[in-house]
Amino acid sequence: MAFNKKNRRKWDRRECDRKKPENEMDWMNKSSFFNSFSAEDKSAFLASSPDFIKFNPGEMIVRKGDIDRSVYIILVGSAKVLKSSGRSELVFGRLEAGDIFGEISLLRKGGRTFDVKAEIQTIVISITAKHINSLPVNIQSKMKSQFLKIMLGRFEDINRKYTELLSKNTFE
Amino acid sequence: MKQKLNDSTRFSKLEASPFFANFTKTEIKELAKDSTAFENFVAGSYICAEGDLEQALFIILSGEAHVVKRTPNGQTGIVKLKTGSIVGELSLLRKGKRVSDVKALKETMVYKLTPEQTKAKNIQLQVKIKSQILNLVIRRYENLCEKYSELLNLHST
């Protein structure tokens, strides 16, 4: 699936390597995201031509404010979620293989709210909500289950961090 | 308390809930067939309690509930849940004890979904339910990220 040209201009992907990895199926087999997918499911997913993108260490995968309708699945590598605060950059979180980001694009159009930077060489799948909804229904179901599992885990994690920081704030 | 409702009342209850706003009439009719999923709670009663082992998600169809946390000084309200909200979503992640109490603030009707009940629906309907739950979880996560980010900024300054 080709990126929307209108959107692509708004992205700063000039330096990223958009070459497809040598063997997409191998990357999917290694990724925990696809653990519940059978070989047939993975083949059907690949047949829909999702975008595989490779980023070098230090490259921005998304920038705050980017208009982009994709959700990203990290197959290999890791990335930092950054939030600019004045002159400094706050590390908001760290994403590893099997994780997702950009999930808000599943909800609505809008700019990205964080920067995401590759820590090491990172390969991602970029996929839009429209693309997901066009997949065979059993694959949609597995993808949604996996998204839900990841988001629930992430919600639980941020809830714990928030509560800890809040109590630190209260008692300091 | 299980609520005995006729088919059309069950259908109307689901149709009126924002959770099912994107569902077709056929899908709502299918969901309404399961009379055991409808439960009614009087004001002050518990929809679920901290420590419960039940693995179920509740969709609030009418009324209002409060998520409360037990503290040494009594109960502290964390969040109010209105019509269309979900509660107990972490039970979808794993089996385990409930981490909070959920108390009905007024008469509250819920649609209860266990993993078994969800799996019994046709796959198209399962995807629709999952999508709607996912949307609510993403929104809830986004709101909490904003609050956390504000607090983090406060700490770094």
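Just so we're clear, the structure is a prediction, and the values are computed from it rather than from any experiment. (Residues numbered from 1 in each chain as written. Chains lettered and ligands numbered in written order. Predicted model: local features only at pLDDT ≥ 70, side-chain atom pairs only at ≥ 80, totals over all residues.)

Brief notes about the overall build of chain A
So, step 1. Per the secondary structure count, chain A includes 5 helices and 8 strands.
So, step 2. Going from the N terminus to the C terminus, chain A shows its helices and strands as α-α-α-β-β-β-β-β-β-β-β-α-α.
So, step 3. Put simply, chain A has 172 residues, and 31% of those count as buried.
So, step 4. For chain A, long-range pairs separated by at least 24 residues make up 79% of all intrachain contacts whose partners lie at least 6 apart in sequence. (Helix = DSSP H or I, 4+ residues; strand = E, 2+ residues; numbered from the N terminus. Buried ≥ 20, exposed ≤ 12 C-beta atoms within 10 Å, placed from the backbone. Contact = placed C-beta atoms within 7 Å.)

Overview of the overall build of chain B
So, step 1. Within chain B, the secondary structure is distributed over 4 helices and 8 strands.
So, step 2. In sequence order, chain B lays out its α and β elements as α-α-β-β-β-β-β-β-β-β-α-α.
So, step 3. Over its C-alpha trace chain B gives a radius of gyration of 17 Å, about what one expects of a compact globule, namely 15 Å for 157 residues.
So, step 4. Projected onto the principal axes, the alpha-carbon positions of chain B cover approximately 55 × 30 × 30 Å.
So, step 5. The buried share of chain B, taken over its 157 residues, is 31%.
So, step 6. Considering only intrachain contacts with a sequence separation of at least 6, the fraction spanning at least 24 residues in chain B is 76%. (Rg over C-alpha atoms; globule rule 2.2 N^0.38 Å.)

Overview of the nonpolar core
Considering soluble globular proteins, one finds that nonpolar side chains tend to be buried as a cluster.
So, step 1. Counting 66 residues, the largest nonpolar core has Y72, V124 and M151 of chain A together with I47, F58 and I59 of chain B as the members making the most contacts within it.
So, step 2. In terms of residue count, helix 4 (residues 123-156) of chain B provides more of this core than any other element does, 7 residues in total.
So, step 3. Those residues in contact with I59 of chain B that lie beyond four places of it in its chain are S17, F19, I86, V110, Y111 and L113 of chain B. (Core = buried A, V, L, I, M, F, W, Y, C linked by C-beta atoms within 7 Å.)

Quick look at the interface of chain A and chain B
So, step 1. Facing the 30 residues of chain A at the interface are 29 residues of chain B.
So, step 2. The dominant element in the side of chain A that touches chain B, judged by the number of residues it contributes, is helix 5 (residues 137-171) of chain A, at 22 residues.
So, step 3. Of the residues that constitute the side of chain A that touches chain B, the class distribution is 15 nonpolar, 8 polar and 7 charged. (Nonpolar A, V, L, I, M, F, W, Y, C, P; charged D, E, K, R; others polar.)

So, the sheet that holds strand 8 (residues 122-128) of chain A
So, step 1. Ordered in space as 1-8-3-6 (chain A), the 4 strands form an open sheet in which the pairing is antiparallel. Each of the sheet's edge strands pairs with one partner strand only, and the pair in question is strand 1 (51-55) and strand 6 (100-101) of chain A. (Pairing = 2+ DSSP bridges.)

Comments concerning the sheet that holds strand 4 (residues 65-71) of chain B
All names here are of chain B.
So, step 1. With antiparallel pairing, the 4 strands of this open sheet are ordered in space as 2-7-4-5. Whereas interior strands pair on both sides, the edge strands pair on one side only; in this sheet they are strand 2 (46-48) and strand 5 (74-81). Strand-to-strand twist of the sheet, defined as the mean angle between neighbouring strand axes without regard to direction, takes the value 35°.
So, step 2. Relative to strand 5, strand 4 is paired through 7 bridges, and the arrangement is antiparallel. Paired with V68 across the bridge in strand 5 is G77. (Axes fitted to C-alpha atoms, helices over the stretch in contact; angles between N-to-C directions.)

A few points about the confidence of the model for chain A
So, step 1. Per-chain confidence: chain A averages 83 in pLDDT, with 84% of residues scoring 70 or above.
So, step 2. In this model, residues 1-17 of chain A is a region of pLDDT below 50 whose contacts with residues beyond four sequence positions or in other chains number 20 contacts. (pLDDT = per-residue confidence, 0-100.)

Some words on unusual backbone geometry
Excluding glycine, most residues fall at negative phi; most peptide bonds, likewise, are trans.
So, step 1. In this model, S49 of chain A sits at a positive phi of 55°, which is unusual for a non-glycine residue.
So, step 2. Residue position: S49 of chain A is located in the loop between helix 3 (39-47) and strand 1.

Structural notes on the pairing of strand 8 (residues 108-113) of chain B
All names here are of chain B.
So, step 1. As paired strands, strand 1 (residues 38-41) and strand 8 are joined by 4 bridges and run antiparallel to one another. Among the inter-strand pairings, E39 is bridged to a residue of strand 8, identified as V110.
So, step 2. Where strand 3 (residues 57-62) meets strand 8, 5 bridges bridge the pair, whose relative direction is antiparallel. Among the inter-strand pairings, I59 is bridged to a residue of strand 8, identified as Y111.

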